[in-house]
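As a plain string of letters, each chain reads:
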Amino acid sequence: MTADEAAATAVNQAKDDLMERIVNLCKRRGFIFPSAEIYGGFRSTYDYGPLGVLMLRNVKDAWWRTIVQERDEVVGIDAAILSSPRIWEASGHLDTFTDPLVDCRNCHERWREDQIAGRCPACGSADLTEARPFNLLFQTHAGPLEDEGAVAYLRPETAQGMFVNFQNVLQVTRKRPPFGIAQVGKSFRNEITPGNFVFRTREFEQMELEYFVPPAEADRWFAYWSEQRLEWYKALGIPASKLRMRVHEEEELSHYSAGTVDVEFAFPWGWGELEGIANRTDYDLKAHARASGVRLEYYDPESEERFVPYVIEPAAGATRSMMAFLLAAYGEDEVGGETRTVLRLHPRLAPYTVAVLPLSKKEPLLSYAREVLAELQPCFMCDFDVTQSIGRRYRRQDEIGTPWCITVDFESIEDHAVTIRDRDTTGQERVPVEDLVAELSRRLRS
Ligand code: ATP
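Here the structure is a predicted model, which is why all the values come from computation and not from measurement.

Bringing the overall build of the protein chain into the picture now. A count of helical and extended segments in the protein chain gives 13 helices and 24 strands. For the C-alpha atoms alone, the extent of the protein chain along its principal axes is close to 75 × 70 × 50 Å. Sequence-distant contacts, at least 24 apart, represent 64% of the contacts inside the protein chain between residues at least 6 apart.

Next comes the structure, spelled out in structure tokens:
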């Protein structure tokens, strides 16, 4: 082995290690479990445990805050997962939502052609069939009859819920372009090869914004949202060096898109998409107007003009970005001569914002610590831990990313003050209990 090869092997080893460490941590601490584990698991599906459900919710809340709460021209909806198949006929998904499927003639595994380099990843054979389109829609039947008329599909994206509700939303909100409709929820795709932990699963969560604009302004808004979305990941703690924007080539574009750029993250195995920002033009509204016979357009009462808005769509994965946030946050360092594992998650994303740790289990300390906890619980997601040494308890919180530990000691009962210990600096500061909520809120905002 040459020195270069040895170095490359070491780098690959470190990357495999990182993935393995994250997967282990997720399982051990209750972020993500393989689904149906007692039955041997089920085809790359996962369940989110006590910490995972908190973190995933925080990812979605952070998105909702930026996209809906902090903007007055964007509103949210929550559309049905099971709906009329006519939606998928009109949107083009029934015909064109396909990936190229190839079979290995040697070992009979099936692969997505664009993900393998002409060889079967399982056995190495180059004897592959011609690629044929494989539709990713999950089909089911609505109602007790399994006949043709009962066929329905699980939605493969949340976007269509916004298009078919365009007229409803316009009427009730009286918005005018540019305005947006946002949605967070589950989507389903019968992926040929799910994998890389929760990067690609058949059931996953999306966070999508459909931003309706006057056609002449589409390019400007496309550039605007591309930049905004990149900044969102940075603001939540992913270093710029682990992010990049990748513009889609002409032949790569989806059937509806006049331009797409992906926000990509440096996953341990290489660059992978976190989010796609697409100029969907007026494709979807026109397609649904044609198929339904309902006008889907904006009428401007001032200019007395009608037009079909263009749509700029930032479409992100909640489960996939949660994984990126975990990977970017993972670290090991030395504190007091001991190695610690630390998740340097943005405080808004950490499962627990605060952990309340009484120095001892003895009374009246325990009761006082519970009072402090009760003070914080209405404002923050809190953990409460009384077992083992305080050092051990700090380590446990570091490992799950809790940004602040509140230590309640015997003096606290006298001076009504506690210590805030910072995850990243391990620095400690004494704060009056009555200022605690304000101080933690301030830290959370800054
Ligand atoms: P890919 O090329 O990776 O299959 P895509 O370009 O088809 O993804 P979009 O349709 O743009 O993905 O979906 C928007 C986002 O939804 C993606 O950027 C990703 O974060 C998320 N997503 C899509 N498919 C999956 C999946 N199978 N598992 C987890 N997240 C997914």
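That was the structure; now back to the text.
This next bit is on the domain arrangement of the protein chain. Parsing the protein chain into structural domains produces domain 1 (48-83 + 152-326) and domain 2 (352-445). Here the C-alpha centre of domain 2 lies 38 Å away from the C-alpha centre of domain 1.

Ranked by size, the top nonpolar core spans 88 residues in total, and within it Val-59, Phe-325 and Ile-406 carry the most contacts. For this core, the element with the most residues is helix 2 (residues 50-69), which contributes eight residues. Formed jointly, this core draws a minimum of three residues from each of two domains, domain 1 (48-83 + 152-326) and domain 2 (352-445). Once you skip the residues sitting within four places of it in the chain, Val-59 turns out to touch Ala-318, Ser-321, Met-322, Phe-325 and Leu-349.

We now examine the site of the ligand. In the region of the ligand, 16 residues are neighbours, and Phe-204, Gly-276, Ala-315, Gly-317 and Arg-320 sit closest. Secondary-structure elements contributing two or more residues to the shell around the ligand are strand 11 (203-213), strand 14 (270-281), strand 17 (310-317) and helix 9 (318-329). Among the residues making up the shell around the ligand, the classes are represented as four nonpolar, five polar and seven charged.

Moving on, we get to the sheet that holds strand 6 (residues 110-112). Taking strand neighbours across the sheet as the criterion, the three strands line up as 6-5-7 in an open arrangement whose pairing is antiparallel. Pairing within the sheet leaves two strands with one partner each, and these edge strands are strand 6 and strand 7 (132-135). Taken pair by pair, the neighbouring strands of this sheet meet at an average axis angle of 50 degrees, ignoring direction. When strand 5 (residues 98-103) meets strand 7, the two strands line up antiparallel, connected through four bridges. Residue Pro-100 lies in a different strand from strand 7, and its bridge partner there is Pro-133.

In this fold, Thr-260 is placed in strand 13 (residues 260-267). Judged by local crowding, Thr-260 falls into the buried class, with 22 C-beta atoms found within 10 Å. When the C-alpha atoms of Thr-260 and Arg-71 are compared, they prove to be 24 Å apart, with 189 residues separating the residues in sequence. Apart from residues lying up to four places away in sequence, Thr-260 is in contact with His-248, Leu-253, Ser-254, Gly-276, Ile-277 and Ala-278.

Let us look at the sheet that holds strand 8 (residues 138-141). Taken in spatial order, the three strands make up an open sheet running 4-9-8, and their pairing is antiparallel. Bordering the open sheet on either side are strand 4 (82-83) and strand 8, each of which pairs with just one other strand. Taken together, the two bridges between strand 4 and strand 9 (residues 151-154) define a ladder with antiparallel strand orientation. Bridged to Ser-83 within strand 9 is Tyr-153.

Let us look at unusual backbone geometry. Between Pro-177 and the following residue, Pro-178, the backbone shows a cis peptide bond with an omega angle of 5 degrees. Relative to the elements of secondary structure, Pro-178 occurs in the loop between helix 6 (166-173) and strand 10 (179-188). In this chain, Glu-363 is followed by Pro-364 through a cis amide linkage whose omega measures 5 degrees. Residue position: Pro-364 is located in the loop between strand 20 (354-358) and helix 10 (365-376).

With that settled, consider the environment of Leu-25. Secondary-structure assignment places Leu-25 in helix 1 (residues 3-29). Spatially, the C-alpha atom of Leu-25 lies 32 Å from that of Ala-117, the residues being 92 residues apart in sequence.

Relative to each other, helix 2 and helix 9 sit at 105 degrees, their axes nearing to 10 Å. With respect to their mutual orientation, helix 2 and helix 9 come out roughly perpendicular. Contacts from Met-55, Leu-56, Val-59 and Lys-60 in helix 2 reach Ala-318, Thr-319, Ser-321, Met-322 and Phe-325 in helix 9. A per-class count over the contact of helix 2 with helix 9 returns six nonpolar, two polar and one charged.

Conventions and cut-offs
Residues numbered from 1 in each chain as written. Predicted model: local features only at pLDDT ≥ 70, side-chain atom pairs only at ≥ 80, totals over all residues. Helix = DSSP H or I, 4+ residues; strand = E, 2+ residues; numbered from the N terminus. Contact = placed C-beta atoms within 7 Å. Domains from an automatic or database assignment. Core = buried A, V, L, I, M, F, W, Y, C linked by C-beta atoms within 7 Å. Buried ≥ 20, exposed ≤ 12 C-beta atoms within 10 Å, placed from the backbone. Near = placed C-beta within 6 Å. Nonpolar A, V, L, I, M, F, W, Y, C, P; charged D, E, K, R; others polar. Pairing = 2+ DSSP bridges. Axes fitted to C-alpha atoms, helices over the stretch in contact; angles between N-to-C directions. Parallel < 35°, antiparallel > 145°, perpendicular 65-115°, else oblique.

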